Structures are given as structure tokens and as C-alpha cells.
Amino acid sequence: MNDLDQTHYDVVIVGGGHNGLVAGCYLAKAGLRVVVLEQRDWLGGMAASRAFIPEAPEHILSPGAWENVYFRAAGVGRELGLEEFGHRDLDAHGWAWLGDDGESIVLQANLGKTVDDIRRFSKRDADTYAELTEAAIKILKIQDAYGLSHPKRPSLATLAAALRAVAGGRRVRSLLASALTATAADGIEALFESEAVRGIFAGTGAILAPLSVDGSAIALLAPAMIHHKGAARPVGGMGGLVAALERCLTAHGGAVGLSSEVAAVRMHKRGGVVELTDGSELHADRAVIAACPVHRVPDLVGEALPREIAERLRKAPANATGLGTFTINAAFSGRIELPNHQPNRRDGVDLRKPAIYMGTLEEVVAAGEQSARGELPDRTTFCLGILSAVDPSQAPEGQDIVQLYSPAPVEPVGGWDKWRGEAERRLEEKVAEAAPDFKRLQIGAFVETAHDLAVRTGAENGCIYHIDNLPTRIGPIRPAAGAGGYRTAVDGLYLGSASCHPGGGVSGLPGKHCAAVVLADLGVGRRSARRASSAS
């Protein structure tokens, strides 16, 4: 464990991902003594960025999150003043789909340009996209407002947004209903006729859930995010945000303990004791926050947690269909170009900059179904991010870093030892259809299966959202019935990770909301308000 200057803190936070750091920043700003413990020797969890490839020490890889559509809307960066601590982000350049014959379509922030691009493939699809986006943005406003609220106490802004949206017309009401019941595959097929538009919706939607699962039609909202609040990429990779959060935390008196794996948490009436695997102990005089995947919590706290709640947390669905991801994060000695597609663009769009998807609707659906059966997909589909194309600081001049991922089994029949090489070969062969120099320019790669991701981050089954995005796991029932709202059945023990409302993605809201609940329970905000009133 890193040397810490004390063993007693007001709050001990277990987990150094971005939500744990966000919670720590809010608590430290409120004057509490806070320490954030991280089992690895670096912070960030799924938002970590660092030189993962020994042969490429100047190439900064982001094997988890690298683009977000939530952080700006969440307002956490503004509230914590993260720009003062070095946080900067760059506008993302949308999402692109590449076809097998050199065609491409790009969903840009500018809705008019996007509709014009779609019109090249289908006038009907262009009109449908514009109408769908108008309806979807109304629903996203509800999502934004609810995400900013406590899951059990929706704000007046949430209720007002919902009323405005429902009053908006039949299209919105229909989309609201289908998003919670229908499959994304059915919705995409019913709405669009062109392979290009179906393909981009399939690619972006499959990140949230398998397209053939009931309720997955919520993915139809995803492209509208580009036109709503837009997407951003932090300078330095997502780890640039993590570094700013760490500086914010320590500037307000908080501490960080790296290489500090927690073995057990023993709660008592006045806080708890956090025991590390090296035998040392830290005392939490006021509260303990589990900012780690909730599946770990029952084993950490033992019998203190009611058995029924413990079992619900252990069984919370995480990549429950058997579909996970297979990623190749690679460093290159030159630039990755797209010679089969870029020359066909006539609008000046640089295809290196958007997130790139490749695969038809049918191929994405089949990949999900085969993966769920424990099989490698016959037809590989992928998402490619050439991260240095937007932020050159992540690689030496004239060189690139990328993240490439595809649908894959959580655990293939026969195990990953048998299939890892084949999965890597298929994915590299597929991406070479668009980027022929992918293998030739490669310095090295950091490859992760869902199992590898689980080992590195503690996420059950390598689930990038901790808990699957399902209608049965939203709001007050996320992560499980009886465990929503950040408090637990154990006094002084709180939950503050992506396992909680409003869910995965890089927003910082689970950490912020958890900190607010802790401060309310400790009466810290009320005392500060009374002191301010007395002073005036």
C-alpha cells in the first residue's frame, strides 16, 4: 500500500474508478477526511489511460472508456472546477458506419448534415431519422433530468420534462413504450430500409445490450445523443479526467491509497474498519463507500448484510446473456488510414475522427446470438476508435493509438485459452478491410477478453456497465430491489459505483449522488448552512 499519513478517516472509499474519485472530491470539499483505496497501482478502473504496452511507452491507451456523452450534461466537472485541475475535453466527431464497398455514413453533431448524408442512401430514412431524433431528444431530456435526481425522488424538472415529452405527440409516446418492451432489432428493421442506416443503429445500439433482448429498443435513442448534448473526449484519454479528479481530491485534503486491495469491511455503530490484504487496517469514523462493482460487496461485508439483499446483489445481471466484448488496444508506428472509404467522401469529413462501426444489422444480431451460445461470431463486426486522430497528445507525432472491439462470448465453449488467438485473428482481418496497414504498422497490442476485463477491474463477467441496462435495473431498483438509493441495510455503508443510478458510462453522477446522501446523513450540509446563516 502507498504510505498514508494516517489510519483514521471520516470516510473510506473502496474503489478508485472515476465514481469513487468524484464521491471523494465532493466529500473532501465539504471538509471531511477522505481516502480513496484502489487495488491497482493506478487509478481509473474502466476509465484508466496509461502506457499498457511495454514496447510503446509513449502511446497512451484507454482499454475501457474513451468517449462520453454524459459528463458534460451531468455538470460534475463544472461543480468541482475540474478545469482548474487540468481537465480539458475535445468535441468528438460523431459516429460513422463503413460499408463493404467503400460507402460510409456519418452521424455528426449537425443534424442537417447528418440528414443530408442519410438522404444519399434513402429519402425515407432521412425523414424518419429527423422525426425520430426530434422525439428522442425529448426523451433524452427526461433521462438527463432523472439522472440528476435521486432515483427515489424525481425532481420537479424530471416531472416537467416528462409531461412536456408526453404532450409532444403520438411519436414520443410510442417510442417511450417500445423502448421499454421491444427489441432493438425489431425497431431498427421497422423504422429504416437502407443497410447503412440500419448498420449504424445496430452498431451503436449493441453497446448497450444485445439487439434481440426485450427492452433493448432503448438503443434507438443512442444516435440522438450526438445532436443533444454532443460527445466529448478528454485530452490525454479518459485518464486525463481521472488525473484531474485526483488533483481535485488531494487539493481539498483527500488522500489516495494505491495497491490497496480490500479484504474485508467490518461495520460498527460509528463507522467501520477496512482491512487490506496486506493485513493493515484503516478506520472509517463516519462511513464506508463501496465504489466498486456491487457483486463484490456481500463478500467484503460478510454477514452484516441481510442474506436476501446479499443474494440479490450477487445475482444482479451482468452480461447475463453471455455476450461480452473482445478488445484490441494497439500502438502504431504510423497513421492508420482508410483508403477504401475516405476518397469516397465528398464533404470534407475525416473518417479517422468519428467512432467507426462496421457490420450490417443482420451481422450484429447474429454476432450477439452466437456469442450468447459461447461461439465466436462467424462474421466479425467491430467499433474502431483512432483516438490520436482527435487528440494527438496520446501518441508520438505522426503515430496512432486505437481501440478496436467486437461482440464476443463472455466465456467461449472450450475457454479463452483455446479461442483468444482465433478471435484476435478474425478481428484484425476484418478491420484490415477498412484499414489495410493495421497489422503492418502495429508496435504492440493490449488484448482483453471479458474475463481479462473482469480480472483487471473487478467487474462481474467483464460487464462495462457493472449491471446490465435493463428495464428491471433502472432508478430505485438499480442495482437490485432493496439496494437502490445509495444507502444499504447496514448503517454507515453506502454504494457509489456505476452499479447504481443512473448507471454506467462516464458521468460521475453515481459518485456525486452517493456523496450527497452521505453528507445528508451526517448533517454536514445542514451544519455548514447554519454556520453561514450565523455569520451573516
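Residues numbered from 1 in each chain as written. Predicted model: local features only at pLDDT ≥ 70, side-chain atom pairs only at ≥ 80, totals over all residues. Heavy atoms only, no water.

Scanning the protein for helices and strands turns up 18 helices and 16 strands. Seen along its three principal axes, the alpha-carbon backbone of the protein occupies a region of about 65 × 55 × 45 Å. Taken over 536 residues, the protein has a buried fraction of 59%. By sequence separation, contacts in the protein at least 24 residues apart represent 72% of the contacts at least 6 residues apart. By element, 51% of the accessible surface of the protein is carried by carbon and sulfur atoms, the whole surface being about 21300 Å². (Helix = DSSP H or I, 4+ residues; strand = E, 2+ residues; numbered from the N terminus. Buried < 20%, exposed > 50% of the residue type's maximum accessible area, 1.4 Å probe, protein only. Contact = heavy atoms within 4.5 Å. Areas by Shrake-Rupley, 256 points an atom, 1.4 Å probe, with all protein chains shown as cover.)

Turning our eyes to something else, we now look at the UniProt feature "domain: Amine oxidase" (unreviewed entry) in the protein. The residues that UniProt annotates with the feature "domain: Amine oxidase" (unreviewed entry) are residues 191-336. For residues 191-336, the end-to-end C-alpha separation is 34 Å, with 30% helix and 27% strand making up the annotated structure. (UniProt positions renumbered as here; feature names shortened; annotations may be inferred.)

Taken in spatial order, the seven strands make up an open sheet running S5-S4-S12-S13-S14-S11-S15, and their pairing is mixed. Across the chains shown, the open sheet's two edge strands, defined by having one partner strand only, are strand S5 (104-107) and strand S15 (442-448). Mean inter-strand twist for the sheet, computed between neighbouring axes without regard to direction, equals 20°. Pairing analysis gives four bridges linking strand S4 (residues 95-98) to S5, with the strands arranged antiparallel. Considered in S5, the bridge of Trp97 is made with Ile105. In the packing of helix H14 (residues 361-372) onto the sheet, the strands contacted are strand S11 (323-332) and strand S14 (401-409), and the crossing angle to S14 comes to about 60°. Taken strand by strand, helix H15 (residues 416-432) contacts S11, strand S12 (355-358), strand S13 (382-386), S14 and S15, and its axis lies near 60° from that of S11. (Pairing = 2+ DSSP bridges. Axes fitted to C-alpha atoms, helices over the stretch in contact; angles between N-to-C directions.)

Here the focus is the layout of surface pockets. Its volume calculated, the second largest pocket comes out at about 450 Å³. Lining the second largest pocket we find 31 residues, and of these Ala206, Ile207, Leu208, Ala209 and Leu323 sit closest to its centre. Those elements that provide at least two residues to the lining of the second largest pocket are helix H9 (195-205), S11, S12, S13 and S14. (1 Å grid on protein atoms, 1.4 Å probe; cavity = no way out; pocket = protein on both sides within 12 Å on 5 of 7 lines; lining within 4 Å. Points joined across faces, edges and corners; volume = space filled by probe spheres on them.)

Neither face of S5 is open: one carries Ser104 and Val106, the other Ile105 and Leu107, and all of them are buried. Here S4 hands over to S5 after five residues, with Gly102 in that stretch at a positive phi of 90°.

The buried count for strand S9 (residues 271-276) comes to five of six residues, which makes it a mostly enclosed element. Here strand S8 (residues 262-268) runs beside S9; their pairing, made up of six bridges, is antiparallel. By the bridge assignment for S9, His268 is matched with Gly271. Remark: two residues form the turn of the hairpin made by S8 and S9, two consecutive strands paired antiparallel. Here S9 pairs with strand S10 (residues 281-290) via four bridges, running antiparallel.

A word on empty space enclosed by the protein. Under the definition given, this model contains eight cavities of 30 Å³ or more. Within this model, the second largest cavity holds a volume of roughly 100 Å³. Considering the residues around the second largest cavity, the lining is formed by 13 residues, among which Pro377, Thr380, Ser406, Pro407 and Ala423 are closest to the centre. Among the secondary structure elements, those contributing two or more residues to the lining of the second largest cavity are S14 and H15. Looking at side-chain class alone, the lining of the second largest cavity contains eight nonpolar, three polar and two charged residues. (Nonpolar A, V, L, I, M, F, W, Y, C, P; charged D, E, K, R; others polar.)

This next bit is on helix H11 (residues 238-251). Taking 1.5 Å as the rise per residue, H11 with 14 residues should run 20 Å; its terminal C-alpha atoms sit 20 Å apart, in good agreement. Within H11, burial applies to Met238, Gly239, Gly240, Leu241, Val242, Ala244, Leu245, Cys248 and Leu249. Of the surrounding elements, those touching the buried residues of H11 are helix H1 (18-29), strand S2 (34-37), helix H2 (71-74), helix H3 (76-80), strand S6 (232-234) and strand S7 (255-257). Looking at the residues trailing H11, positive phi occurs at Gly253, about 95°. (Expected span 1.5 Å × (residues − 1).)

On inspection of all chains with the given rule, the structure shows 32 salt bridges. For Arg425, the salt bridge is made with Glu422, and the minimal N-O distance between the two is 2.5 Å. Highlighted residues: Arg425 and Glu422, both in helix H15, separated by three residues, approximately one helical turn. Taking relative accessible area as the criterion, Arg425 reaches 37% and is therefore assigned partly exposed. Take Glu422: its relative accessible area is 23%, and that puts it in the partly exposed class. Connected through shared salt-bridge partners, Asp100, Glu363, Arg379, Lys430 and Glu433 make up one network. (Salt bridge = Lys/Arg side-chain N within 4 Å of Asp/Glu carboxyl O.)

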